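What the coordinates show
This is what each chain is made of:
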Amino acid sequence: MSIHFENVRRVTTQRLIEMKKRGEKISMLTAYDYTMGSIVDRAGVDVILVGDSASNVICGNVTTLPITLDQMIFLAKSVVRGVKRALVVIDMPFGTYQGNSREAITSAIRIMKETHGDCLKMEGGEEVIESIKRVLSAGIPVMGHLGLMPQSINKYGTYAVRAQEEEEAEKLIRDAHLLEETGCFGIVLEKIPAKLAQQIASELTIPVIGIGAGGGVDGQVLVIHDMLGLNNDFSPRFLRRYANLEAVMDNAIKHYVDDVKSGDFPNEQEQY
Ligand code: KIV
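Residues numbered from 1 in each chain as written. Predicted model: local features only at pLDDT ≥ 70, side-chain atom pairs only at ≥ 80, totals over all residues. Heavy atoms only, no water.

What about the nonpolar core?
Spelled out, the test is: In plain words, nonpolar cores are sets of buried Ala, Val, Leu, Ile, Met, Phe, Trp, Tyr and Cys residues tied together by side-chain atoms within 4.5 Å. Exposure categories follow from relative accessible area, calculated using a 1.4 Å probe and restricted to protein chains: below 20% of the type maximum is buried, above 50% is exposed, and the middle band is partly exposed. Only DSSP runs of H or I covering at least 4 residues are called helices, and only runs of E covering at least 2 are called strands; the numbering of each starts at the N terminus. Contacts between residues were defined by any pair of non-hydrogen atoms, one from each residue, lying within 4.5 Å.
Leu120, Ile132, Leu189 and Ile200 are the most contacted members of the largest nonpolar core, which has 79 residues in total. Ranked by residue count, the leading element in this core is helix α4 (residues 69-82), at seven residues. Sequence-distant contacts of Leu189, that is, excluding residues within four places in its chain, are made with Leu146, Leu172, Ala197, Ile200, Val208, Ile209, Gly210, Ile211 and Ala213.

Set out below in structure tokens:
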């Protein structure tokens, strides 16, 4: 599918809820700049996430924790300029909403004012519910994120599958219901057993988007660098690679270097 932008109808949070009702699956991918944002949008993706995974794939950090509010705003602004149809969700970075709800609303308003994005995503359930309520009360739509929450990696110590034990699974179910009751328009479930994710998706009326959470949810999200094969040393079981852009780029760049060295580039037609 490729989108023609005359008479384009923007994806809204309400449309995602209707898609769930109709049983239409939701596609979501990350993007971190103008060019990628516009390519992903034109290809027909419903939701574009300016994820704090930018900390890893753009900034080269080991975790998502170091990325700052200013850096997320810079990236999100660029993505938004390239998007005409998809709903743009922006991750609130670590440290901008966990402290208290006043800090959360200040950070959220800055992101919305400066980026012109559509909505925000926050990791956590009960622990951050006051922050989520405060942001929602300002009219800013919020997407939740449960299961593996990379901003809490120092608590877990590992990126292994979450909620395999009953106690953690029960808390996750409670948190998912709490996020829906509080007013979140959707939830990302990361790296949890497929059966548990399917149960949650069937119990909630808001869309549940999975990453490593099986096919029984309402939609899927992947990090674009991973699915395009730009990040080949990361290969978890849930990841399907749709291209090997690292190899394509490597080949093209080596070819360019050879052409420069040999004097083949530029040729007669490539100069003034
Ligand atoms: O930051 C991110 O890319 C995410 C996805 C993994 C859902 O939160």
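Here's the deal with α4
Note the threshold: Helix span is expected to be 1.5 Å times the residue number reduced by one.
In a regular helix each residue adds 1.5 Å, so 14 residues correspond to 20 Å; α4 covers 20 Å between its end C-alpha atoms and thus fits that length. Among the residues making up α4, those that are buried are Leu69, Met72, Ile73, Leu75, Ala76, Ser78, Val79, Val80 and Gly82. Buried residues along α4 sit in contact with α2 (34-42), β2 (47-50), α3 (54-57), β3 (87-91) and α5 (101-115).

Points about the site of the ligand
Defined as follows: In these notes, residues near a molecule or strand are those with any non-hydrogen atom within 4 Å of it. Identification of polar contacts relies on pairs of N or O atoms within 3.5 Å, with a donor-acceptor requirement for protein atoms, meaning one able to donate a hydrogen and the other able to accept it, and with residues adjacent in sequence counted only if both atoms are side-chain atoms. Surface accessibility follows the Shrake-Rupley procedure with a 1.4 Å probe radius. Residue values consider only the protein chains on display as shielding. Here the nonpolar group is Ala, Val, Leu, Ile, Met, Phe, Trp, Tyr, Cys and Pro; Asp, Glu, Lys and Arg are the charged ones; every other residue, Gly included, is treated as polar.
Close to the ligand lie 13 residues, the nearest being Gly51, Asp52, Ser53, Asp91 and Lys121. In this structure, an oxygen atom belonging to the ligand sits 3.0 Å away from a side-chain N or O atom of Asp52. Between the ligand and Lys121, the relevant distance is 2.8 Å, taken from an oxygen atom to a side-chain nitrogen or oxygen of the residue. Protein contact buries 95% of the 260 Å² of open area that the ligand shows by itself. Split into classes, the residues belonging to the shell around the ligand amount to five nonpolar, four polar and four charged.

Considerations on the environment of Asp46
Inspection of the secondary structure puts Asp46 in the loop between α2 and β2. We classify Asp46 as buried; its relative accessible area is 7%. Sequence separation of Asp46 and Val11 is 35 residues, and the distance between their C-alpha atoms is 6.5 Å. Those residues within four positions of Asp46 in sequence are excluded, and the remaining contacts are Val11, Met19, Lys25, Ile26, Ser27, Arg85, Ala86 and Leu87. Among the polar contacts listed, one links the side chain of Asp46 to the backbone nitrogen of Ser27, at a separation of 3.0 Å. Here Arg85 takes part through its side chain, which lies 3.1 Å from a polar atom of the side chain of Asp46.

A word on the pairing of strand β6 (residues 186-190)
Put simply, side chains in a regular strand alternate between the two faces of the sheet. Using the following cut-off: Strand pairing is defined by DSSP finding a minimum of two bridges between the two strands.
Along β6, five of the five residues are buried, which leaves the element largely enclosed by surrounding structure. Judged by which residues are buried, β6 turns out to be covered on both faces: Gly186, Val188 and Glu190 on one side and Ile187 and Leu189 on the other are all buried. Sheet topology places strand β5 (residues 142-147) next to β6; five bridges connect them, and they run parallel. Paired with Gly144 across the bridge in β6 is Ile187. Here β6 runs beside strand β7 (residues 208-211); their pairing, made up of four bridges, is parallel. Bridged to Glu190 within β7 is Ile211.

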